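Structural characterization, general
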Amino acid sequence: MEKILKAGVIGSKRGGGKCYYCAELIPNCTLKAVCDINEEAVKEASQRYNVPWFTDYKEMIDKADINFVVISTPDYLHVEHAIYALKAGMHVYCEKPMAVNLQDALKLMKVAKESKARIQIGYELHTSELYTRAKKAIDEGWCGEILFAYHNYIRPPWTDPNHFKMKKEKSGGLIVHDGCHYVDFLRWVVESHVIELSCYAPPIRARYYDGVLDNFRLNMRHENGAVSGMVWSHLFGGRQMFEYCIIGTEGAIYCDLQHRKIQFIKHKVDQEGKVYDLKLMFEEDYSFRDWMDLGHNIFACMKDFVERIIKDEPQLIPLEESFITEYICYAAEESAVSKKTIKIPPKHKLLALF
C-alpha cells in the first residue's frame, strides 16, 4: 500500500490545474516531475515547483522519482500514455475519455486488467456538487422509481478551427469528447444498463468541424424501462441552455446549471398514470459558489482517487463503468452516422471483451 503518491504530470500547462493540485492541495500527494512537448511551458512549470522537467513522457516515467502519472493531454494520446505508465507500474489518473475509439479502449482495458496499479478516468461529475446533490436525493428516495432523465447542453461554437477536438480521429467526436460526461451522469442516476440507443444529427454545419457532429439528440432505453437522453448543440449563438431533469414516480429534480439552481418537485401518480398534487417543494441556490466546485470538480475527483489508493479502498469510479460509458458514446456516434438504432450488449458481455 502506498504511503504517498509522487506525481508526474504529462501536459503541464505551465504548472496550473493538475500540477497545482498535486503540488499544493491533495494530501499524501506531491509533485515530482512535469512533462510537456512545449519546452517553454514545461520549463515554467518546473521553475514554479522546483521539479525536473521532460519533453518525452517515456523518459519522465523511466527516470523520474514517481509512482503516479497524471495524464492531461489531447484525447487521442490518452491510451498511449496510460498504457506505458501502467506497464511501468504507475498508478494513473487520466482525463476523459480513456480512448477515442473502441479498439483503443479495449487495448487499455486489457493492460489495466493485468496491472497491479490503478487507473481512474476523470469523470468528475461524481464529485461535483450540482450533480452529487441530485444523486444523493435519488438514493434517499426523493424521485421514487426513475422513469425519465435528460441532460441538455446548447452553447455557442468553439472558435479555434485547429483544436484537436475538431478532428474526429483525434477527439472521437463531440459525443465522445464532451458528451461522455453526461452519458456517464445519466447512467449513474438511472442505475440501469442501457440496452439500446438512437442518435439523430442533422448535416454538419461548421466547415471546420472535420467529421465532428455539432448538433445531435441522443435517446437511450434502459434495462429497467427508463428512458434517458441528451440534446446538444455547439452552434447556438444566443442564450446558453445547460440543464438536467430527473423524473420518477414520486418526484422530480430539475437543475439549471447555467444559473446554479436546483428545484425539488413532488407529485403523485394514480393507477391510471395520471399525475396530480404537483408541487415545487423547495429550491437550492448555489449561484454564489465557484463553478469548478459545482460543475466540474477535477480537484475533488483526483483527491478522492489518491485517498482511496492510500487507504487501499475501492475507487469511486470503477474503470469498467467508464468503459461502458464510452462504449455507449462510440455507439451513439455510429448511430448518428448510420441513422440506425443500435442495440447495446448486456453488461456481462461488454465486460467479457477484455
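So, here's what we can say about the structure. These figures come from a predicted structure and were not determined experimentally.

In this section: the layout of surface pockets. Counted as a void, the largest pocket has a volume near 1100 Å³. Forming the walls of the largest pocket are 42 residues, and the residues nearest its centre are Lys13, Lys18, Ser72, Thr73 and Glu95. Listed by contribution, the elements that provide at least two residues to the lining of the largest pocket are helix H1 (18-25), strand S5 (91-95), helix H8 (174-190) and helix H9 (291-294). At four residues, the largest contribution of residues to the lining of the largest pocket is made by H8. Looking at side-chain class alone, the lining of the largest pocket contains 18 nonpolar, 13 polar and 11 charged residues.

Before going further, it helps to examine a nonpolar patch on the surface. The grouping of Val269, Val275 and Leu278 at the surface amounts to a nonpolar patch, some 270 Å² of accessible area in total. The topology assignment puts leucine 278 in strand S14 (residues 275-285). Of the residues examined, leucine 278 reaches a relative accessible area of 58% and is grouped as exposed.

With that settled, consider H8. Here H8 is 17 residues long and its end C-alpha atoms lie 22 Å apart, about the 24 Å a rise of 1.5 Å per residue gives. In the structure, H8 departs most strongly from a straight axis at cysteine 180, where the bend amounts to approximately 60°. Of all 17 residues in H8, 17 are buried; the element is thus mostly enclosed.

Quick look at the sheet that holds strand S1 (residues 5-10) now. Taken in spatial order, the six strands make up an open sheet running S3-S2-S1-S4-S5-S6, and their pairing is parallel. One side of each edge strand has no neighbouring strand; the edge strands of this open sheet are strand S3 (53-54) and strand S6 (119-122). One ladder, built from four bridges, connects strand S4 (residues 68-71) with S5; its direction is parallel. Residue pairing for S5: phenylalanine 68 is matched across the bridge by histidine 91. Lying on the sheet, helix H10 (residues 298-310) is in contact with S1, strand S2 (29-35), S4, S5 and S6; it crosses S5 at an angle near 165°.

This brings us to the sheet that holds strand S12 (residues 251-256). Adjacent strands of a sheet form backbone hydrogen bonds with each other and so pair up, either parallel or antiparallel. Reading across from one edge, S14-S13-S12-S11-S7-S10-S9-S8-S15 is the order of the nine strands in this open sheet, with mixed pairing throughout. Only two strands of the sheet have a single neighbouring strand rather than two, namely S14 and strand S15 (342-343). In this sheet, S12 lies alongside strand S11 (residues 241-248) in antiparallel orientation, the contact comprising five bridges. From the neighbouring strand, cysteine 245 faces S12, where its bridge partner is tyrosine 254. Along the sheet face, helix H6 (residues 129-139) touches strand S7 (146-154), S11, S12, strand S13 (261-269) and S14 and points at about 5° away from the line of S11.

Moving on, we come to the side chain of threonine 325. Within the secondary structure layout, threonine 325 lies in helix H11 (residues 319-338). Accessibility expressed as a relative area gives 0% for threonine 325, which makes it buried. Excluding its chain neighbours within four sequence positions, the residues that come into contact with threonine 325 are Tyr123, Cys180, Val183, Asp184 and Arg187.

Scoring rules and cut-offs
All chains use their own residue numbering, which begins from 1 and follows the written sequence. Local features are withheld for residues below a pLDDT of 70 in this predicted model, meaning they are given only at 70 or higher, and side-chain atom pairs are given and counted only at 80 or more; totals for whole chains, interfaces and linings count all residues. No hydrogens and no water enter the side-chain calculation; it runs on all heavy atoms of the structure. A cavity, in this analysis, means grid points on a 1 Å lattice covering only the protein atoms where a 1.4 Å probe fits yet has no way out; a pocket is instead an open set bounded by protein on both sides within 12 Å along at least five of seven lines, and a residue lines either one if it has an atom within 4 Å of a point. Grid points are joined across faces, edges and corners, and a volume is the space filled by probe spheres set on the points. The helix and strand labels rest on DSSP assignments: H or I over at least four residues marks a helix, E over at least two residues marks a strand, and numbering proceeds from the N terminus. When residues are grouped by polarity, Ala, Val, Leu, Ile, Met, Phe, Trp, Tyr, Cys and Pro land in nonpolar, Asp, Glu, Lys and Arg in charged, and all others, Gly among them, in polar. Residues qualify for a patch when their relative accessible area is over 30% and they have no salt bridge, like charges being joined within 9 Å and the nonpolar side chains of Val, Leu, Ile, Met, Phe, Trp and Tyr within 5 Å. We get accessible surface area from the Shrake-Rupley algorithm with a probe of 1.4 Å; when it comes to residues, only the shown protein chains can shield them. The salt bridge definition used is simple: a Lys or Arg side-chain nitrogen within 4 Å of an Asp or Glu carboxyl oxygen. Residue burial is assigned from relative accessible area. The probe radius is 1.4 Å, only protein chains are included, and a residue is buried under 20% of its type maximum, exposed over 50%, and partly exposed in between. Expected span, for any helix, means 1.5 Å times one less than how many residues it has. Bend at a residue means the angle formed by two fitted axes: the first through the 7 residues ending at that position, the second through the 7 residues beginning there. A pair of strands is considered paired only if DSSP assigns at least 2 bridges between the two. Any two residues whose heavy atoms approach within 4.5 Å at even a single point are treated as in contact. Every angle, taken between N-to-C directions, lies between 0 and 180 degrees, and every axis is a line fitted to C-alpha atoms, over only the stretch in contact when it is a helix.

In short, geometric facts, not functional conclusions.
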